[in-house]
Amino acid sequence: EAAESSFKSAAQCCTSSIHIRRGDIIIAATDGLYDNVELEDITRIALEWEQKNGFIVGGDIASREKRWRAGSSMTLQSAASIEDLARTLVEKARENSLDNSVDSPFAILAKENDIMWSGGMPDDCTIVAMHVVGAPAMGDEVNEAKEG
């Protein structure tokens, strides 16, 4: 007989609502990411992506706000580079899943439930990365042309 699932119907799903702001990065991913990469590492990788692509210079969020007020959302840069963020996260998840020397979030949770597991959790991984920019690409091209 099949094991009984605790998930009985779609009515038992969990929903929530949050306010998003311009500049937010939204990561929707399967457990292949979250079982293998700590949230602190995910946020560090996202911040490095923002800095590498010039969305945040140093740690100065005020300069980003100033750039937005001037009309530059860097929409095209975001669209061209957001795939790099998703790819970096997938690569980190794969690397960690194959590393038996450091306990993954999955291994830590398993041990808390008296299951002896070390290292990562090999699994498939799907990531959808979104960067909230606040302006359509056409408007951004015009504004960036004016600045240049």
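Structure shown above.
The shown structure was predicted, so the numbers you read here are calculated from the model rather than taken from an experiment.

(A) Structural view of the nonpolar core. Core analysis: the biggest nonpolar cluster contains 16 residues, and Ile 27, Leu 33, Leu 85, Leu 89, Ile 127 and Ala 129 have the highest contact counts within it. Of all the secondary structure elements, the ones that give two or more residues to this core are helix H2 (39-52), helix H4 (75-97) and strand E2 (127-131). Here this core gets five residues from one element, more than from any other, and that element is H4. Each residue touching Leu 33, except ones within four places of it in the same chain, is listed here: Ile 27, Ile 42, Leu 89, Ala 93, Cys 125 and Ile 127.

(B) Molecular detail of the packing of aromatic side chains. In total, this model carries two aromatic pairs according to the counting rule given. Taken together, a centroid distance of 5.2 Å and an interplanar angle of 80 degrees make the contact between Phe 106 and Trp 117 edge-to-face. With Phe 106 in helix H5 (residues 105-112) and Trp 117 in the loop between H5 and E2, the pair connects residues that are eleven residues apart, well separated along the chain. Residue Trp 117 is classed as partly exposed on the basis of its relative accessible area, which comes to 31%.

Reading the values: the criteria
Residues numbered from 1 in each chain as written. Predicted model: local features only at pLDDT ≥ 70, side-chain atom pairs only at ≥ 80, totals over all residues. Heavy atoms only, no water. Core = buried A, V, L, I, M, F, W, Y, C linked by side-chain atoms within 4.5 Å. Buried < 20%, exposed > 50% of the residue type's maximum accessible area, 1.4 Å probe, protein only. Helix = DSSP H or I, 4+ residues; strand = E, 2+ residues; numbered from the N terminus. Contact = heavy atoms within 4.5 Å. Phe/Tyr/Trp six-rings, centres within 6.5 Å; stacked < 30°, edge-to-face > 60°.

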